[in-house]
Amino acid sequence: MSLSLPAFRRKWSCRGYMSVGAAMVTVVLGFADGAEARKYGSPLDIFGIAAPGPRATVHSANVSGKIPLPRPRPEEAPKASAKASDEAPSGTDDKPSADKPGTTKPAEAAPPPEKQASACRLALTEEIAIAPSIPDIRGPGACGGEDLVRLEAIVLPDKRKVAVKPAAILRCTMASAIADWVRKDVVPLAASLGSTISDLDNFDSFECRGRNRVVGAMLSEHGKANAIDVRAIKLANGQSIGLTDRTMPREVRERVLHSVCSRFSTVLGPGSDWYHEDHIHLDLAQRRNDYRICQWNVWDPLPQVAPFLPAERPEEAPPREVAAKPEAKPEAKPEAKQGVDDEAAEKSPAPADKPAADGNKTQPHKPATKKRR
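Every chain's residues receive numbers from 1 upward, in the order its sequence appears when written. At least 70 in pLDDT is required for a residue's local features to be given in this predicted model, at least 80 for side-chain atom pairs to be given and counted, and no such filter applies to totals for whole chains, interfaces and linings, which use all residues. The basis for the side-chain values is all heavy atoms of the structure; hydrogens and waters are excluded.

Visitor: Explanation requested: helix H6 (residues 172-192) in the structure shown.
Guide: Every α-helix winds through 3.6 residues per turn, so residues three or four apart in the chain are directed the same way. The secondary structure listing takes helices from DSSP runs of H or I that are at least 4 residues long and strands from runs of E that are at least 2 residues long, numbered from the N terminus. Here, expected helix span is obtained from the residue count minus one, scaled by 1.5 Å. Look at H6: 30 Å from first C-alpha to last across 21 residues, which is about the 30 Å you get at 1.5 Å a residue. The angle between axes fitted to the seven residues ending at a residue and the seven residues starting there is what we call the bend at that residue. The sharpest bend along H6 measures roughly 35 degrees and falls at Val186, with the proline Pro188 sitting one to four residues further on. The buried label applies to any residue whose accessible area, calculated with a 1.4 Å probe on protein chains only, is under 20% of its type's maximum; exposed applies above 50%, and partly exposed to all values in between. Within H6 the residues assigned to the buried category are Cys172, Met174, Ala175, Ala177, Ile178, Ala179, Trp181, Val182, Val186, Leu189 and Ala190. Residue Gly194 follows H6 closely and has a positive phi angle near 80 degrees.

Right, here's the structure in full:
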């Protein structure tokens, strides 16, 4: 009996005959020739069930077959935490990457870059003014500013110092303009009066407020540290030049007016509004087309004699004629009526001769006596 394996597969199905699987395998193996037997590696191959083969060998990435080990940890390195060591992948170096800071050493905060000094700050040296720099002010709204100084004194060409009382907080450009005004304009004015300047009366400088201290008004240049109010200039001989004092000579005040209006963009004084009747406002506000405002009326000096007194009468004037009041004359009475009135006056008794109210008896007259106290 000859029966090949393919014919056996086509004729009989393996389903349902698993109980006699072993006997059929034996019969198949007995009648199969050597070529067919060598084609199937295991007896179960004829049923389509492959025998489990050996696992494929795992080839290491390393050609030599050795697993790379991490480098030994240096002694001076700090100990890493257990959690960090577990999360770190094996086979990596302990050196931190260039873009990430090391886990064992906190990153140091970079120092802020140094602010470069402005050209004004470099020009405003101690040979011109004592004005140390102060930090920038950031107030509510747009108050404050940058490149601020505290103007304490102005140094004259002869090394004398003019104190600013009290010290003014200003922008560097405004402080520089004040120093140039005092050094080049006020010093010659004081010399013409026979003295030298000693103090500058600072009425107001930086203050975060609206114009004229009106609530809700536009921000004043004082709020930007770009303005100063000057009330007087004091001399070394004790004299004080009040810029709005009408007792000062008009020529002196006009010289100050011309000097400030040529240097500052805004000058407000008497006549501008009633807020500036006792001081002079100076600022460097920037306007379109370099527009400037100079409103300061230099009033004439007050008269020495009070205006309500009469002026002295000149000698060449004619003498004054004093008009006397005419005396009141009695009205003329008719003669008949005048005669009747005279008779009635003669008949009427004197007040002392009148009888008493209680009778016809008259009381004797007693001389008046002075009482002693």
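Visitor: Which parts of the structure should I look at to understand the packing of aromatic side chains?
Guide: Any pair of aromatic rings gets described here by the distance separating the centres and the angle formed by the planes. When two rings of Phe, Tyr or Trp (its six-membered ring) have centres within 6.5 Å they constitute a pair, described as stacked for plane angles under 30 degrees, edge-to-face for angles over 60, and tilted for the intermediate range. A complete count under the given rule lists 2 aromatic pairs for this structure. The interplanar angle of 80 degrees and the centroid separation of 6.4 Å between the aromatic rings of Trp181 and Phe264 together place this pair among those described as edge-to-face. Placement of Trp181 in helix H6 and of Phe264 in the loop between helix H7 (250-261) and strand S10 (266-268) is noted, with a sequence separation of 83 residues between them. Note on accessibility: Trp181 and Phe264 belong to one class, buried. Between Trp274 and Tyr275, the ring centres sit 4.5 Å apart and the planes meet at 25 degrees, which makes this aromatic pair stacked.

Visitor: Which parts of the structure should I look at to understand a nonpolar patch on the surface?
Guide: Two distance rules govern patches: like charges are joined within 9 Å, and nonpolar side chains (Val, Leu, Ile, Met, Phe, Trp, Tyr) within 5 Å, applied only to residues with over 30% relative accessible area and no salt bridge. Areas reported here follow the Shrake-Rupley algorithm with a probe of radius 1.4 Å; residue values treat only the protein chains shown as occluding. We define a salt bridge as a side-chain nitrogen of Lys or Arg found within 4 Å of a carboxyl oxygen belonging to Asp or Glu. A grouping of Val214, Trp274 and Tyr275 is seen on the molecular surface, where their side chains present a nonpolar patch of about 330 Å² in accessible area. The exposure class assigned to Trp274 is exposed, which follows from its relative accessible area of 64%.

Visitor: Could you clarify how one ought to interpret the nonpolar core in this entry?
Guide: Nonpolar side chains in soluble globular proteins tend to end up buried together. Judged by nonpolar contacts, the single largest core of 42 residues is most densely connected at Leu151, Ile178, Trp181, Phe264, Leu282 and Trp296. Going through the elements one at a time, strand S5 (148-155), strand S6 (161-171), H6, strand S7 (197-204), strand S8 (227-235), H7 and strand S11 (280-283) are the ones with two or more residues in this core. Examining the composition of this core, we find that 11 residues originate from one element, H6, more than from any other. Whether two residues touch is decided by their heavy atoms; if any such pair falls within 4.5 Å, the residues are in contact. Beyond its immediate sequence surroundings of up to four residues, Ile178 is in contact with Leu151, Ile154, Leu200, Ile228, Phe264 and Leu282. The term nonpolar core refers to a set of buried residues drawn from Ala, Val, Leu, Ile, Met, Phe, Trp, Tyr and Cys, joined through side-chain atoms within 4.5 Å.

Visitor: Honestly, H7 in this entry has me stumped. Any pointers?
Guide: The terminal C-alpha atoms of H7, which comprises 12 residues, lie 17 Å apart, in line with the 16 Å expected from a rise of 1.5 Å per residue. Turning to H7, its buried residues are Val252, Arg253, Val256, Leu257, Ser259 and Val260. Looking at the buried positions of H7, the neighbouring elements they touch are H6, strand S9 (240-242), S10, S11 and strand S12 (293-295).

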